[in-house]
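# Structural overview
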Amino acid sequence: MSPRRARLTAALRTPRRWLVLPASVLVGTALGAGYGVVKTPQYAATSYVIVVPGEKSDPAAALGFAQAYGRVATDIAVTGDAQVWAGVSAATLRASVQAATSPDAPMISITARSATPAKAVSMADGVARALVLNSTHVSGSTGVKVVQFSRATKPVEPASPSAPLSALVGGCAGGLLGGLALLVRPGRPARAVRAEARHSRQTPAAVPGPTAAQPQPQPEPEAV
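Residues numbered from 1 in each chain as written. Predicted model: local features only at pLDDT ≥ 70, side-chain atom pairs only at ≥ 80, totals over all residues. Heavy atoms only, no water.

As judged from the five bridges shared by strand E2 (residues 97-101) and strand E3 (residues 107-114), these two strands associate in the antiparallel manner. Considered in E3, the bridge of Val97 is made with Ala112. (Pairing = 2+ DSSP bridges. Helix = DSSP H or I, 4+ residues; strand = E, 2+ residues; numbered from the N terminus.)

The following block contains the structure:
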């Protein structure tokens, strides 16, 4: 029997150790439900912009500029008027807005999260508007423009996990931790099993074979 299997067997044979698992599930469920109730729900709104090439520019350049605009979207929004349009601070704008790009199309999705749906919409559209204005100012050197593809719609449901889902996640995490506790803390019976397993793995001492018969002294011949 391997040491790990011996620890598990010893833990399962102890009735009191079974109480650790349901107790961990109950505690994790309670903590998860409490977190879901106390945490402020977050709403997400997404605005889309697309990068289009100019008349004399390479169409393939639009994809590269879309990747570049996606990386600096929040920086352009902070230096522009997006924070004024959204009515939030620069720190809130940086922490609440994320931009994502596509490897196949010159499109940028701008997702903003806030405790109120209207604020999420205003932040997403504000960043998109800042990108459009910035691209217009530098279109002479870049050869591309950013145009509004789709405005953000007001979310009707929060994007953050609900209280039942948080309770389910907490219960699963508690059960996992409880099961690990049964394995890493075996107690006295497991120590005895480990000692027995080590003893069984030891090679038995070699049994000495029969000793060779010692030659008997021969009698000396008698003198004639």
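Here the focus is the nonpolar core. In terms of nonpolar packing, the biggest core is built from 29 residues, with Val51, Leu93, Ile110 and Leu131 touching the most fellow members. When contributions to this core are tallied by element, the ones reaching two or more residues are strand E1 (43-53), helix H3 (61-71), helix H4 (73-79), helix H5 (82-86), E3, helix H7 (117-137) and strand E4 (144-150). No other element matches H7, which puts eight residues into this core. If we skip the residues at most four places from it in the chain, Ile110 touches Ala45, Thr46, Ser47, Val49, Val97, Gln98, Ala124, Val127, Ala128 and Leu131. (Core = buried A, V, L, I, M, F, W, Y, C linked by side-chain atoms within 4.5 Å. Buried < 20%, exposed > 50% of the residue type's maximum accessible area, 1.4 Å probe, protein only. Contact = heavy atoms within 4.5 Å.)

Paired through backbone hydrogen bonds, the strands of a sheet run either parallel or antiparallel to each other. Pairing within the open sheet is antiparallel, and its four strands lie in the order E2-E3-E1-E4. The open sheet terminates on both sides in strands that have one partner only, identified here as E2 and E4. Between one strand and the next, the sheet's axes are offset by a mean angle of 25°, whatever the strand orientation. Docked against the sheet, H3 engages E1, E2, E3 and E4, running at close to 145° with respect to E1. Relative to the sheet, H7 contacts E1, E2, E3 and E4, its axis offset from that of E3 by approximately 145°. (Axes fitted to C-alpha atoms, helices over the stretch in contact; angles between N-to-C directions.)

Here we take up H3. At 3.6 residues per turn, the α-helix brings residues three or four places apart onto the same side. Among the residues of H3, those classed as buried are Ala62, Ala66, Tyr69 and Gly70. Projected onto a plane normal to the axis of H3, the buried residues spread over an arc of 100° and lie on a single side. (Arc of directions from axis to C-beta.)

For the chain, the mean per-residue pLDDT works out to 75, and 54% of the residues sit at or above 70. The element-level mean pLDDT for the chain is lowest in helix H10 (residues 188-201), coming to 53, with E3 highest at 93. (pLDDT = per-residue confidence, 0-100.)

What follows concerns the pattern of salt bridges. Counted under the stated rule, the structure contains two salt bridges. A salt bridge links Arg94 to Asp75; its shortest N-O distance comes to 2.7 Å. Of the two residues, Arg94 sits in helix H6 (residues 90-96) while Asp75 sits in helix H4, which places them 19 residues apart along the sequence. A salt bridge links Asp125 to Arg151, with the shortest nitrogen-to-oxygen separation between them at 3.4 Å. (Salt bridge = Lys/Arg side-chain N within 4 Å of Asp/Glu carboxyl O.)

With respect to the secondary-structure elements, Gln148 resides in strand E4. What Gln148 contacts, discounting residues up to four positions off in sequence, is Ser47, Tyr48, Val49, Ala128 and Val132. A distance of 2.9 Å separates the side chain of Gln148 from the side chain of Ser47, its partner in a polar contact. At 3.0 Å, the side chain of Gln148 and the backbone oxygen of Ser150 are in polar contact. (Polar contact = N/O pair within 3.5 Å; in protein donor to acceptor, adjacent residues only side chain to side chain.)

Let's shift gears to H7. Given a rise of 1.5 Å per residue, 21 residues ought to cover 30 Å, and the 31 Å separating the end C-alpha atoms of H7 matches this to within 8%. Looking only at H7, the buried set comprises Pro117, Ala120, Val121, Met123, Ala124, Asp125, Gly126, Val127, Ala128, Ala130, Leu131 and Ser135. (Expected span 1.5 Å × (residues − 1).)

Attention now goes to the environment of Ala124. Tracing the backbone shows Ala124 in helix H7. Classification of Ala124 as buried rests on a relative accessible area of 0%. In sequence terms Ala124 and Gln98 are 26 residues apart; their C-alpha atoms lie 9.0 Å from each other. What Ala124 contacts, discounting residues up to four positions off in sequence, is Ala45, Ser47, Ile110, Ala112 and Ala152.

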